[in-house]
Amino acid sequence: MKTSGNDISRKEFIRNSALAVAGLTFIPNIMTASPFMDENNSLTKGKMSLKNVRLETGFEYQDGEVASTKTELFYVEVENGKITKITPNQPNAKAVDAKGLLMLPAFKDMHIHLDKTFYGDQWQAVRKRTGGIKGMIELEQKMLPEMLKNSTFKAEKLIELLQSKGTSYARSHVNIEPTSKLQSLKNLQKALENKKKGFGAELVAFPQHGVFYTDSVPYLKEAAKMDIDFIGGVDPFNIDGDIEKVVDFTVQLALDNKKGIDIHLHETGDSGLKTVEYLIKKVNENPSLKGKTYLSHCFILAKLEAAKQEEIAEKLAEAQIGIVSTIPFGRLIMPIPTLYKHNVTVLTGNDSIVDHWNTFGTGSVLQKANLMAQLYGYSTEFLLSRSLKLATGNILPLDDKGTQQWPKSGDKADFVLINASCSAEAVSRISEVESLVHDGNVVF
């Protein structure tokens, strides 16, 4: 298929150029991370040129306030997965025409469960919950054997959904417990291997059924020696009944195997706060875990008085413990502005997408940035533009003073192109983003 003007044909383009790490899928409002394939569905290597690429270049001020964002069109060259050249636009060049779309850093979903989903399979709604978290564990124990039969296929479909929303990287929690043992991990690793040309991931060994409640210890120890990146956990008091025993085990396993830590914490009472404070203590005692430790959800923060929120945020920052928030969760609103104020790393993700825990989820982390902006009244140009970092893993085109900091020559070629005039508009008008990715293949 030929495109208009000076564009080259799809076959000619694929034959002569490609991204080694991520590519682009042309769709009406967004071009998402997805590799360029040749006719044998294998990744080609070489050089790619794009013209009419819109980049943010600075802020415009009125009465001392950021009123708008300046952008210009550029010519960009990519070779073997790296951006090699950014120059003034060359509208007559023989290159892929980005048609004035805005280039932004590719999105990162930093909390998701790729290993257990109904997505891509027969529809199932959430069943009525009984017995609290332990009742859900019992239900999952019954469901997992059947879910594992085609979990690789479903994981691949879920990855394609994320790609269609501009995401090229994820942190996925993967069940490690006596029911699925290591099978859930092995099945997901197959899916990631099949999708590695356009999608990357880091994995968390996740004891969904408790560390000791169902004796997941031997499986966690085995998983820790495999190709995973974090040791996970979930509600040490509510499930296992012993905060210190669970956290001590998790910390030691991470230290012994040089892994990070990412613990689900839903508890909103005293046990939630005690877990946060004890984890801070253990990380401070083991500085090698600083910058490698995260609390997912951490809903207790939303329940604290403002002064206590400030105190805990300061302690989290000192210990370099990050928070991974799924943003709104029921009626709880996380104190993300307070976390930002104290320079706590904040990440986000879709968590569950159409599974036995949750029937919702769009696959878009840009939508998460939009929701955060709405929740906290981030409606100004400056604050909207800062909200984008939630979707990109804290990478922004402009720093707080409006100086261009991304992209630069030598950066990894991991980006999306969106139908927006600037990142503030991209966050604000997320509802206009659509997807036309089919089976992970490039659509022109």
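Residues numbered from 1 in each chain as written. Predicted model: local features only at pLDDT ≥ 70, side-chain atom pairs only at ≥ 80, totals over all residues. Heavy atoms only, no water.

Student: Lay out the confidence of the model for the chain with the relevant residues and their values.
Tutor: Averaged over all residues, the pLDDT of the chain is 87; the fraction at 70 or higher stands at 87%. Here residues 431–444 is modelled with pLDDT under 50, and outside its nearest four sequence neighbours on either side it reaches 38 contacts, counting other chains as well. (pLDDT = per-residue confidence, 0-100. Contact = heavy atoms within 4.5 Å.)

Student: With reference to specific residues and values, describe the sheet that holds strand 13 (residues 293–297).
Tutor: As summarised here, the arrangement of the eight strands in space is 8-9-10-11-12-13-14-15, forming an open sheet in which the pairing is parallel. Of all the strands in the sheet, the pair left with one neighbour each is strand 8 (107–112) and strand 15 (346–348). For this sheet, the mean angle separating the axes of adjacent strands, direction not counted, is 25 degrees. Sheet analysis places strand 8 next to strand 9 (residues 167–175), joined by four bridges and oriented parallel. Bridge pairing links I112 to S172 in strand 9. (Pairing = 2+ DSSP bridges. Helix = DSSP H or I, 4+ residues; strand = E, 2+ residues; numbered from the N terminus. Axes fitted to C-alpha atoms, helices over the stretch in contact; angles between N-to-C directions.)

Student: I'd like to hear about the pairing of strand 11 (residues 230–234), residue by residue, with values.
Tutor: Of all five residues in strand 11, five are buried, a share of seventy percent or more. Neither face of strand 11 is open: one carries F230, G232 and V234, the other I231 and G233, and all of them are buried. Strand direction decides the pairing type here: strand 10 (residues 200–206) and strand 11, joined by two bridges, are parallel. Within the sheet, the bridge partner assigned to A205 lies in strand 11 and is I231. Chirality of the crossover, the property in question, places the unit of strand 10, helix 5 (residues 217–224) and strand 11 among those that are right-handed. With five bridges joining them, strand 11 and strand 12 (residues 260–265) adopt parallel strand pairing. Bridge pairing links I231 to I261 in strand 12. (Buried < 20%, exposed > 50% of the residue type's maximum accessible area, 1.4 Å probe, protein only. Right-handed = clockwise from strand over helix to strand, strands pointing away.)

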